[in-house]
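What follows is each chain in one-letter form.
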Amino acid sequence: MISAQETEAEVDNIYAILPPPGTIIGEATEEEMEKAAELEIRYTAFMRLQEMNIQFDGVSYKELLKEFQDFETESIRFWRGVARRLAVPYEWPIRIDHANGPIYLGEHDIHMEE
């Protein structure tokens with residue numbers, strides 16, 4: 001496991017210390033695992049709804065927009081809290097295995113030159 005808290009050198013670029021995808025950087029609490037699962041379910045439902053290409057009237061659109069905004073607000077607050085607890089940059093693509101608990105780096109295309 002890699003902990004950003006162990007990095008004592010001053011960092012000018014948060015991506016310079018970004019571990020490779022799949023690196024476990026922490027362990028989720030039971031509450032974090034449940035919340036991560038809930039957020040993933042809502043995200044998947046929104047994506048499927050979007051793929052359906054349904055036409056909405058003005059009122060339905062405003063209600064759905066409010067749902068999306070609430071989801072994004074809740075999601076950002078959750079992931080910011082996890083990143084803060086682990087002392088890693090919020091911009092890192094962290095993921096939680098909500099079945100087993102490890103917090104790890106998700107896929108990313110960020111390559112730092114040596």
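The rules behind the values
Residues numbered from 1 in each chain as written. Predicted model: local features only at pLDDT ≥ 70, side-chain atom pairs only at ≥ 80, totals over all residues. Heavy atoms only, no water. Salt bridge = Lys/Arg side-chain N within 4 Å of Asp/Glu carboxyl O. Helix = DSSP H or I, 4+ residues; strand = E, 2+ residues; numbered from the N terminus. Buried < 20%, exposed > 50% of the residue type's maximum accessible area, 1.4 Å probe, protein only. Core = buried A, V, L, I, M, F, W, Y, C linked by side-chain atoms within 4.5 Å. Contact = heavy atoms within 4.5 Å. Expected span 1.5 Å × (residues − 1). 1 Å grid on protein atoms, 1.4 Å probe; cavity = no way out; pocket = protein on both sides within 12 Å on 5 of 7 lines; lining within 4 Å. Points joined across faces, edges and corners; volume = space filled by probe spheres on them. Nonpolar A, V, L, I, M, F, W, Y, C, P; charged D, E, K, R; others polar. Phe/Tyr/Trp six-rings, centres within 6.5 Å; stacked < 30°, edge-to-face > 60°.

**Q** So what's going on with the pattern of salt bridges? Residues and values would help.
**A** Summed over all chains, the structure comprises 7 salt bridges. Where K35 meets E74, a salt bridge forms, and the shortest distance between an N and an O atom there is 2.0 Å. In this pair, K35 is assigned in helix α1 (residues 30-51) and E74 in helix α2 (residues 58-86), connecting sequence segments 39 residues apart. Looking at K35, the relative accessible area reads 21%, which means it is partly exposed. Under the relative-accessibility criterion, E74 is labelled partly exposed at 24%. In this structure, E74 and R42 form a salt bridge, with 2.7 Å as the shortest nitrogen-oxygen distance. Remark: R42 occurs in helix α1 and E74 occurs in helix α2; sequence separation between them is 32 residues. Each of K35, E38, R42 and E74 takes part in one network of salt bridges that share partners.

**Q** How would you summarise the nonpolar core if you had to cite specific residues and measurements?
**A** Ranked by internal contacts, the top residues of the largest apolar core, which has 20 residues, are V82, I94, I96 and I103. For this core, the secondary-structure elements that each account for two or more residues are α1, α2, β2 (94-96) and β3 (102-105). Ranked by residue count, the leading element in this core is α2, at 7 residues. For V82, the residues in contact, after removing those within four places along its chain, are E32, I94, I96 and I103.

**Q** Outline α1, supporting the account with residue identities and numerical values.
**A** Between its first and last C-alpha atoms α1 spans 32 Å; for 22 residues at 1.5 Å apiece the expected length is 32 Å, and the two agree. Along α1, the residues that are buried comprise E32, M33, A36, A37, L39 and F46. Elements in contact with the buried residues of α1: β1 (24-27), α2, β2 and β3.

**Q** So what's going on with the layout of surface pockets? Residues and values would help.
**A** A volume near 420 Å³ is recorded for the largest pocket. Residue lining of the largest pocket: 16 residues in total, with Y43, S75, W79, I94 and R95 positioned closest to the centre. When residues of the lining of the largest pocket are traced back to their parent elements, those giving at least two are α1, α2 and β2. Looking at which element gives the most residues to the lining of the largest pocket, the answer is α2, with 5 residues. Residues that form the lining of the largest pocket fall into these classes: 10 nonpolar, 2 polar and 4 charged.

**Q** Can you break down the packing of aromatic side chains residue by residue, with the values?
**A** Inspection of every chain in the model, using the stated rule, returns 3 aromatic pairs. Pairing F46 with F68 gives two aromatic rings, centres 4.2 Å apart and planes at 35 degrees, and the pair type is tilted. Note that F46 is positioned in helix α1 and F68 in helix α2, a separation of 22 residues in sequence. Judged by relative accessible area, F46 falls into the buried class, the value being 10%.

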